[in-house]
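An overview of the molecular structure
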Amino acid sequence: MSSDRPGGPADVVPGEPGEPDETSTAGAASGRVRRRPRTDDGKKGSLLRELPVLLLIAFVLALVVKTFFVQAFFIPSGSMEQTLHGCAGCTGDRVLVNKVPYWFGEPEPGDIVVFRGPDTWTPEISVDEPGNWFTGALLWLGRAIGVAPPREDDFVKRVIATEGQTVQCCDAEGRVTVDGEPLEEPYIFENDPIERRAFGPVTVPEGRLWVMGDHRSASADSRSHVGDEYAGTIGMDDVIGKAALIVWPIDRFGLLDSPDIQDPAAAAAVPGAPAGGGVSPVGAVAVLPYAVGLAGAVPVTAWRRRRRTRSTHLDR
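All values reported here derive from a predicted model rather than from experimental measurement.

Regarding the state of the cysteines
What is meant by a disulfide is a covalent connection between two cysteines, made through their sulfur atoms. Tallied over the entire structure, the rule returns one disulfide. Here Cys169 pairs with Cys170 through a disulfide, and the sulfurs are 1.9 Å apart. The chirality of the disulfide connecting Cys169 with Cys170 is right-handed, given an S-S dihedral of about 75°. Among the residues examined, Cys170 registers a relative accessible area of 29% and is labelled partly exposed.

A few points about the sheet that holds strand E8 (residues 199-203)
By definition, the strands of a sheet pair up through backbone hydrogen bonds, in either a parallel or an antiparallel sense. Strand order across the open sheet formed by four strands is E7-E6-E5-E8, with antiparallel pairing between neighbours. Looking at the sheet topology across the chains shown, the edges are occupied by strand E7 (181-182) and E8. Pairing of strand E5 (residues 166-169) with E8 involves three bridges; the strand directions are antiparallel. Considered in E8, the bridge of Cys169 is made with Phe199.

Re the pairing of strand E3 (residues 112-116)
Of all five residues that make up E3, four are buried, and the element is covered over most of its length. Of the pairings in the sheet, the one linking E3 to strand E4 (residues 154-161) comprises five bridges and is antiparallel in character. In the sheet register, Val114 faces E4, and the bridge partner there is Val156. Sheet analysis places E3 next to strand E11 (residues 239-248), joined by three bridges and oriented antiparallel. By the bridge assignment for E11, Phe115 is matched with Val239.

So, the packing of aromatic side chains
For the structure shown, the criterion picks out five aromatic pairs. When the centroid spacing of 5.7 Å and the interplanar angle of 90° are considered together, the rings of Phe115 and Trp121 count as edge-to-face. Note on Phe115 and Phe155: the rings are 5.7 Å apart at their centroids and 15° apart in plane angle, and the pair reads as stacked. Of this pair, Phe115 sits in strand E3 while Phe155 sits in strand E4, and the two are 40 residues apart along the sequence. Overall, Phe115 belongs to the buried group, its relative accessible area being 0%. Assessed through its relative accessible area of 2%, Phe155 is described here as buried. Three or more aromatic residues link up through ring pairs in this structure, and these residues are Phe115, Trp121 and Phe155. Over the face of the ring belonging to Tyr187 we find Arg158, whose NZ or CZ atom lies 3.8 Å from the ring centre.

Criteria and thresholds
- Residues numbered from 1 in each chain as written.
- Predicted model: local features only at pLDDT ≥ 70, side-chain atom pairs only at ≥ 80, totals over all residues.
- Heavy atoms only, no water.
- Disulfide = S-S within 2.5 Å.
- Buried < 20%, exposed > 50% of the residue type's maximum accessible area, 1.4 Å probe, protein only.
- Pairing = 2+ DSSP bridges.
- Helix = DSSP H or I, 4+ residues; strand = E, 2+ residues; numbered from the N terminus.
- Phe/Tyr/Trp six-rings, centres within 6.5 Å; stacked < 30°, edge-to-face > 60°.
- Lys NZ or Arg CZ within 6 Å of the ring centre and 35° of its normal.

Laid out in structure tokens, this is it:
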């Protein structure tokens with residue numbers, strides 16, 4: 001019997017326009033509809049939609065890192081020469097301030113600390129605060145990554161004595177003493193004449209620190225404020241963190257030493273200017289909090305994408 005009659009099987013050619021083939025019929029029977037593969041434009045659009053979320057997460061994580069872990073700091077004056085450069089006409093050092101050491105401990109003699117100065121301390125620099133929110137935001141960002149001058153009440157000094165200790169100057173050799181014992185301070189740069197060094201004795205109150213600059217002849221430190229209500233000391237709660245690393249300029253890149261200045265045998269190492277070394281591009285370490293934030297944001301964003309894709313497949 002002939003199969004050439006109209007409408008017969010011979011009239012159906014799989015793949016012809018308007019006619020279902022086995023694949024499409026099977027897909028329809030199973031209740032699934034094949035979708036066209038996503039184009040590159042679709043992927044780009046998705047990435048663009050994710051970008052604001054990625055930047056927001058990175059910014060929040062960077063703030064967390066800056067608040068609790070590390071912060072870049074611009075050295076504004078020459079009071080810590082030559083351990084830290086901040087002199088007029090030279091490139092000011094950028095340092096990384098580590099906040100972790102003081103989570104469970106306290107600053108020790110020999111530590112270089114960044115702190116908020118008491119109200120009685122005269123600023124070592126003058127900073128013109130911005131007059132509008134936009135320039136204020138730029139200044140805040142510059143301070144966060146260590147490329148803008150710090151606030152006027154931000155200081156960097158070295159811890160000399162801690163609570164309960166009595167500090168004064170000088171012994172017969174012109175040295176500062178703590179509890180009657182002379183300190184070994186190999187980092188001192190341009191000290192005052194011995195007849196102008198005298199101060200104290202001062203017993204450091206509980207919860208406070210006595211601090212001095214390495215550039216003794218050009219540092220308005222605890223010695224300059226002995227007559228105030230805090231006897232020249234600063235509060236431990238006002239310490240932002242420990243200056244741990246010079247990150248810029250490149251030729252001064254290196255760790256900052258914390259000699260045990262109250263132990264003469266251990267203070268032999270001189271923490272002079274760090275030796276230069278190979279580092280990543282300019283400011284790489286100074287923007288560490290933001291790099292960490294971005295690194296943390298990428299997997300979070302990828303997780304969100306996987307979760308949304310999985311939800312879309314389940315809804316089909």
